[in-house]
Every structure is written in structure tokens, then in C-alpha cells.
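Architecture and fold: a report
Here are the chains, one letter per residue:
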Amino acid sequence: MKKLFAVIALLAAATLTFAQKAGDKITFASTDLNGKAVTSDIFAKNSLTMLNIWGTFCPPCIREMPDLAKLNEANKAKGVEVVGIPIDIVDRTGNILSRTKADGEAIIKQTGAAYTHIVPNKEMMNGLLRNIQAVPATIFVDKDGKQVGEMYLGARSQTDWQKIIDGLLEKQK
């Protein structure tokens, strides 16, 4: 059991690429949890968007959400926004699972993670999210919709995410 936890801890600290690679353009059209249309145009209003892919079944995802909410607020002036994608509120064909969606909404309320959460659709499940094998998984996207850097696997503290964000913003200068 100790070996299993050591492997999980190692993976959580790793940076992995599953669905995209740096420089790839990300496009989508979907809705947020309130039913409002959201497209990849959301990226254009920020220097950097942090896409956090999470699951309602995932304790580390839920534990980091209060920090992500603080991170979102702390970085608005820098042109950085956090956007969540609850991967398990739809089935593989993009049909909303109402009970799991309700769980996700309750988690968002409980954690104060009031930033935008996108409902993944069939195209997203077959594209951007197709090869996601573990959550939380996070990618950063520039204002042109292109992935910046690699995918980060595992939860991190607000301080650790801030260091990553500051480094990515510095590279954009």
C-alpha cells in the first residue's frame, strides 16, 4: 500500500501531456452549469486561462477548489482566469447526468469555487478530454486559444499554482 501511495504522490507532482500539447489550439462550444453558452472565445479576454479538469468523485480536486477560487480572484488584475470542467457530469456521449451535475453544483457552492465551470459536450469528450486518465488535470491557454506548456496532473496549493502562473506570464512577455 505504501508503494501505491508513493506512485500516486509521484504522479501528482509530475507534469504530463494527455490530450493536448503546447502550442495546440483549443476550440469548443458548450454551456456553463447555468446553461449559458460558452465557447473558446472565453480565452481571448485573458492573457492566460487556467483550465482545471476535475471530478465530483475526486477528493484532491475538491480540496484544491477553495485555493483555485482564491487564485482566480487574486489574478484577475493580471488577466488570468480559472475555468473548471467537471468531467464526470456527462457520459461519454455528452449526455448530462443530472444527479452528478447536482453533486458538482453542491461542491462548487460548498468550496466557494464560483468561477466558470463548463459542461463538457460530446466533441470535448472526443477531443480535448479524450485521453484524460486522472483528475485533477490542468492546462493553461493563452488569449489565442493555444495551450501554454504541458498538462499538470494533480492538485496543488494556491502558492504552488501562483508560482506556475507567474512563470507562464513571465514567458509570455
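Above this note sits the structure.
Let me sum up the structure you'll find in this document. For every chain, the first residue of the written sequence is number 1, and numbering continues from 1 onward in sequence order. With the structure being a predicted model, the display of local features is reserved for residues of pLDDT at least 70 and the display and counting of side-chain atom pairs for 80 or more, all residues being used for whole-chain, interface and lining totals. Excluding hydrogens and water, the side-chain figures rest on all heavy atoms present in the structure.

A separate point is the pattern of salt bridges. Salt bridges are defined as contacts in which a side-chain nitrogen from Lys or Arg sits within 4 Å of a carboxyl oxygen from Asp or Glu. Within this structure, the stated rule accounts for 4 salt bridges. The closest approach of N and O atoms between E73 and K76, which form a salt bridge, is 3.1 Å. Where D166 meets K78, a salt bridge forms, and the shortest distance between an N and an O atom there is 3.0 Å. Taken together, the positions of D166 in helix α5 (residues 158-172) and K78 in the loop between α2 (59-74) and β4 (80-86) put the pair 88 residues apart, joining distant regions of the chain. Helix and strand assignments follow DSSP, with helices taken as H or I runs no shorter than four residues and strands as E runs no shorter than two, numbered in order from the N terminus.

Moving on, we get to the environment of V38. You can see V38 is positioned in strand β2 (residues 37-39). Sequence separation between V38 and H117 is 79 residues, and the spatial gap between their C-alpha atoms is 9.6 Å. Note on contacts: a residue pair qualifies if any of its non-hydrogen atoms lie within 4.5 Å across the two residues. Ignoring sequence-local partners within four residues, the contact set of V38 consists of F28, A29, S30, T31, D32 and I118.

Moving on, we come to the pairing of strand β1 (residues 29-32). In this sheet, β2 lies alongside β1 in antiparallel orientation, the contact comprising 3 bridges. Note on β2: the bridge partner recorded for T31 is A37. Following β1, the chain reverses through 4 residues before pairing antiparallel with β2; G35 in that reversal takes a positive phi of roughly 90°. Inspection of the sheet shows β1 paired to strand β5 (residues 118-119) by 2 bridges, in the antiparallel sense. Looking at the pairing, D32 lines up with I118 of β5. Only strands joined by at least two bridges in the DSSP assignment are considered to pair.

Next up on the list: the nonpolar core. Nine residue types can take part in a nonpolar core, namely buried Ala, Val, Leu, Ile, Met, Phe, Trp, Tyr and Cys, and a core is a set of them joined through side-chain atoms within 4.5 Å. Type-normalised accessible area, obtained with a 1.4 Å probe on protein chains alone, sets the label of each residue: buried when under 20%, exposed when over 50%, and partly exposed for intermediate values. Ranked by internal contacts, the top residues of the largest apolar core, which has 48 residues, are L129 and F140. Setting aside residues no more than four positions away along its own chain, L129 makes contact with I53, I85, I87, R92, P120 and M124.

Take the packing of aromatic side chains next. Working definition: rings of Phe, Tyr and Trp (its six-membered ring) pair if their centres are within 6.5 Å, and the pair is stacked with planes under 30 degrees apart, edge-to-face with planes over 60 apart, and tilted otherwise. Under the defined criterion, the tally for this structure stands at 4 aromatic pairs. Where Y152 meets W161, the ring centres are 5.8 Å apart and the plane angle is 75°; that geometry is what we call edge-to-face. Look at Y152 and you get buried, because its relative accessible area is 12%. Owing to a relative accessible area of 0%, W161 belongs among the buried residues under this scheme. Ring pairing ties together the aromatic residues F140, Y152 and W161, which thus form one cluster. The cationic tip of R156 hangs over the ring face of W161; the distance from NZ or CZ to the ring centre is 5.2 Å. By the criterion adopted, a ring carries a charge over it if an Arg CZ or a Lys NZ lies within 6 Å of its centre and within 35 degrees of its normal.

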